[in-house]
Amino acid sequence: DQLQISKAGGGCAVVRRVPLGADGAPVGSAGRTLVGAAYAAKDTALGRLVATLSRAEDLSHVLLWSAEGARGESSLSVERVELPRLRLAFEARRWRDGKTRLTSVEHPGLALGMPSCERLNGLLRGMPHALVLFSEDGDTFLLLSALAKPCRLHDPAEALNTQLLVARSAPGWEEAMTGVRHYLYPVHPSRTYMTPPSLSAAIALLVLRWLARDYASAFALCAACATDTPPTPEEAQLWALLSDFEDDYEPGSHAVRLKLWLATRNGAELHCPWEVREQLPLYLAKLAYIAADCQLSAAEEMLILRAVGDESMPGAANRLAFLETALRAESADNASADAANPFGGRVSEGGGATLQCRYPKPPKPMVSESDNFDTRLEHTHLLEGIIDKITDKIRGNAWQTRMGSLTYTRPEPEKDKNTGNTHDPSGLAAMGLLTQWMQQGVKLDSDHKGFWLLYELFTGSLNVRILMDDSSHNFGAILLRVAGKSGADELLPLMRLLELDPQFAQEFPKYKHVKKGGFSVFKGKAGKGMPEEVGVFLRERLQFFRQGMVFNPPSLYRPPIEVRMLPMRELRHLHRTWLTPHLLDRDRPTWSVPANFRDTIAPSGDHAGKAIVLSPIGPLNYIARGANSQLGECPTLALGRHPAANAVVARKMLSRLAEDAAWLRDQAASEARAPHLAGFDGAAPSQASFAQQESVLNRLVGALDKLHADDLAAFEAELPQVLQLASQGPPNAPESERRGGGGPRAGGG
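Notes on the structure follow. Computed from a predicted structure; not experimentally measured.

### Observations concerning the packing of aromatic side chains
Consideration 1: Scanning the entire structure with this criterion turns up 12 aromatic pairs.
Consideration 2: A centroid spacing of 5.2 Å and a plane angle of 75° characterise the contact between Y408 and Y511, whose relative ring orientation is edge-to-face. Highlighted residues: Y408 in the loop between α10 (398–404) and β16 (414–415) and Y511 in the loop between α15 (502–506) and α16 (530–541), separated in sequence by 103 residues.
Consideration 3: Taking the relative accessible area as the measure of exposure, Y511 reaches 7% and is therefore buried.
Consideration 4: An angle of 70° between the planes, with centres 4.9 Å apart, marks the rings of F451 and W452 as edge-to-face.
Consideration 5: Taken together, the ring pairs in this structure connect Y408, F451, W452, Y455, F504, F508, Y511 and F537 into an aromatic cluster.
Consideration 6: Across the ring face of W65, the terminal group of R17 is positioned such that the distance to the ring centre comes to 5.3 Å.

Set out below in structure tokens:
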């Protein structure tokens, strides 16, 4: 081609590309004009094309060629698109449906398009630089630039940011791309996943999924990243990007790291930039928060535990014992089932499996026995008063005096937006309040977060709860354990008494709230304030209380040493977050069909009760069989009159030859009756036979295309219902499990 540049008005230029003829002269009528992509209006077809191409490449590296003589965007027709850096070109070509599309030159039969469904939009999430290509048969492909270096935007204000930045001109990045400058990923017809065509494409897609925090998709790609050959410079620089994710401590990230280590452990070509001994404890600690489709299998987990786990790793020994015991229980269960089956070939080994539990040694107390919070508590001094040296009368005791000196500011109640009524904090408000108390600290002598706050929580007059069945007494017990005791030591026995017996604590006098700003609430005559009321209550109740005047601390929980283990399949059924979908076994020769579908897909006659592949199009209508072969009698060998035919060896040989001849005749008859495509019976070709064959093929192709379209339509219509049923669990599942079943799916399970 010849490039012609001519000046135009307004400081512009016209660039034309003219092909050369056989004689070397330019053919002006076939020339094309370069279109200025940067100035295309957004609401035009050209503007939409430019917006699509700008996803994959900078407009300075995009060339748009229009037909010769076109003027204005309304009549502008782009005949060729070139992306030189990506080594891609698209030309306008007419398809079978009569529409003209920009079709790839490097990948024939694929044209530029737009996402056609929500699931395809889901695949594009985290890939803002992807192009969508379609084939005439409805197949979908995603094209990614290999020159774009992906990186995540670091925003200190958003710890879990997923915004992707694409550096299309990163220094040194393009130099490593010695081969293909783009990756083409075939998309499954379900539009739920795509297949990387090479190792570099797999690593690039893994990096993008990880950057988007789509750990389930990244986990599924780990197996495709294994290699036993030295990586190319392109693969090496993509793999080096994984070291940029060191600050990612999401639960799913630990699963991806361990899965990648498993995939690459047998080869030293791709070294994982993290320590497995550091990732395994983090994985075990966060296992309950990892989606089901992002968890290691039992065999994979056991392999890692045996390779790097030891006694110094928290929980490793018990986790390994748990998995081994669960698998032994499943083996024993299978053996019992086989023993009960009269046609089984194995004998039950008997029994199930028992898990031997090992626990870490309890920490030694850092305080003396006298200072230990959980020692025996004697309450006699709660009833002993203090003798006034002036009047020589009993005027109360130390804890009452300290109680009367404390002030209290009660937490503000929560107002119902619908009714306007007020109530104690609950839900998110209670969670925020408890978090504030834990962060700022609780001290017994504080007016905001001190003795009277704990007293209200223990006695139930302040009913703070996050969930409906929460107990304010439990929250008070937790806060008492972390509270500062100095400044109000006299009140500690009373606090311990309230903590030790929740039922007894509910009988205590309730705090009487009189709000006058920050005030000393318990001043007045004896018997009218809270200290006096509590003292009277204790004198009336403690003398009749069980165990006399001594309260023993609650006994420490002793976990079981042996636990009867259920089979692994039963554990996965009970804990649905462990469930992962299994791949279909495509090697099976037959599949069972539900009874309500058998009548619709199983033909009658010789094939009754059996489902035939492609039964909706009636495949038997396109099949024919040959007539019975007229081969006559078996050929005979006239060797019986030979003098040597009477020998024993000769007679056996003649008998075997006769059997072989009969077998050949039957085989020929069977082949003549073998099914074949109607019209393709091997007869001599003729014009009539060609017309018949063309008709059969057209009908068959049309039926297959319609079946393919119907399958896709049925899939689109039924997939939401399948996902809903999968998240709800079995029909007999309780309502709580049905409501909670959507959690694993919403989290990626």
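On we go.
### Description of the environment of R85
Consideration 1: Tracing the chain through its elements places R85 in the loop between β5 (78–83) and β6 (88–94).
Consideration 2: On the basis of relative accessibility, which here comes to 13%, the residue R85 falls in the buried class.
Consideration 3: Each C-alpha atom, one on R85 and one on E57, is 8.5 Å from the other, the two residues being 28 residues apart in sequence.

### Some words on the nonpolar core
Consideration 1: Membership of the largest hydrophobic core comes to 103 residues, with the highest contact counts inside it found for L64, L142, V256, L260 and I304.
Consideration 2: When residues no more than four places from it in sequence are discounted, the contact partners of I304 are L258, W261, L262, V276, L280, L296 and G309.
Consideration 3: Counting residues in hydrophobic clusters, the runner-up holds 39 residues, among them M403, Y408, A477 and M530.

### Some thoughts on helix α7 (residues 276–285)
Consideration 1: Of the positions making up α7, those classed as buried are V276, Q279, L280, Y283 and L284. With its buried residues spanning 130° around the axis, α7 presents them on a single face. Turned more than 90 degrees away from the buried face of α7 sit E278 and A285, all of them exposed.

### Brief notes about the packing of helix α13 (residues 472–482) against helix α14 (residues 492–500)
Consideration 1: Two elements in contact, α13 and α14, have axes separated by 10 Å at closest approach and are oriented at 140°. Classified by the angle their axes make, α13 and α14 are oblique. Helix-helix and strand crossings are classified by hand; for α13 and α14 the assignment is left-handed. Contacts between α13 and α14 involve H473, A477, L480 and R481 from the former and M495, L498 and E499 from the latter.
Consideration 2: When grouped by side-chain class, the residues that make up the contact of α13 with α14 number four nonpolar, one polar and two charged.

### Quick look at unusual backbone geometry
Consideration 1: Within the chain, R191 stands out as a residue other than glycine whose phi angle is a positive 60°.
Consideration 2: You can see R191 is positioned in the loop between β13 (182–187) and α3 (199–211).
Consideration 3: Accessibility expressed as a relative area gives 10% for R191, which makes it buried.
Consideration 4: With a phi close to 60°, R213 is a non-glycine residue in the positive phi region.
Consideration 5: Tracing the chain through its elements places R213 in the loop between α3 and α4 (215–221).
Consideration 6: Under the relative-accessibility criterion, R213 is labelled buried at 18%.

### Quick notes on a nonpolar patch on the surface
Consideration 1: Taken together, the side chains of M438, I478 and V482 define a hydrophobic patch exposed on the protein surface, amounting to about 280 Å² of accessible area.
Consideration 2: Along the chain, I478 falls in helix α13.

### Describing the pattern of salt bridges
Consideration 1: A full pass over the atoms with the stated rule returns 20 salt bridges.
Consideration 2: Between R168 and D58 there is a salt bridge, with its nearest N and O atoms 3.1 Å apart. Placement of R168 in the loop between β12 (164–167) and β13 and of D58 in the loop between α1 (45–53) and β4 (63–67) is noted, with a sequence separation of 110 residues between them.
Consideration 3: Relative accessible area serves as the criterion here: at 18%, R168 is assigned to the buried category.

Basis of the calculations
- Residues numbered from 1 in each chain as written.
- Predicted model: local features only at pLDDT ≥ 70, side-chain atom pairs only at ≥ 80, totals over all residues.
- Heavy atoms only, no water.
- Phe/Tyr/Trp six-rings, centres within 6.5 Å; stacked < 30°, edge-to-face > 60°.
- Helix = DSSP H or I, 4+ residues; strand = E, 2+ residues; numbered from the N terminus.
- Buried < 20%, exposed > 50% of the residue type's maximum accessible area, 1.4 Å probe, protein only.
- Lys NZ or Arg CZ within 6 Å of the ring centre and 35° of its normal.
- Core = buried A, V, L, I, M, F, W, Y, C linked by side-chain atoms within 4.5 Å.
- Contact = heavy atoms within 4.5 Å.
- Arc of directions from axis to C-beta.
- Axes fitted to C-alpha atoms, helices over the stretch in contact; angles between N-to-C directions.
- Parallel < 35°, antiparallel > 145°, perpendicular 65-115°, else oblique.
- Left-handed = near helix turned anticlockwise from the far one by under 90°.
- Nonpolar A, V, L, I, M, F, W, Y, C, P; charged D, E, K, R; others polar.
- Patch = residues over 30% accessible without salt bridge, like charges linked within 9 Å, V, L, I, M, F, W, Y side chains within 5 Å.
- Areas by Shrake-Rupley, 256 points an atom, 1.4 Å probe, with all protein chains shown as cover.
- Salt bridge = Lys/Arg side-chain N within 4 Å of Asp/Glu carboxyl O.

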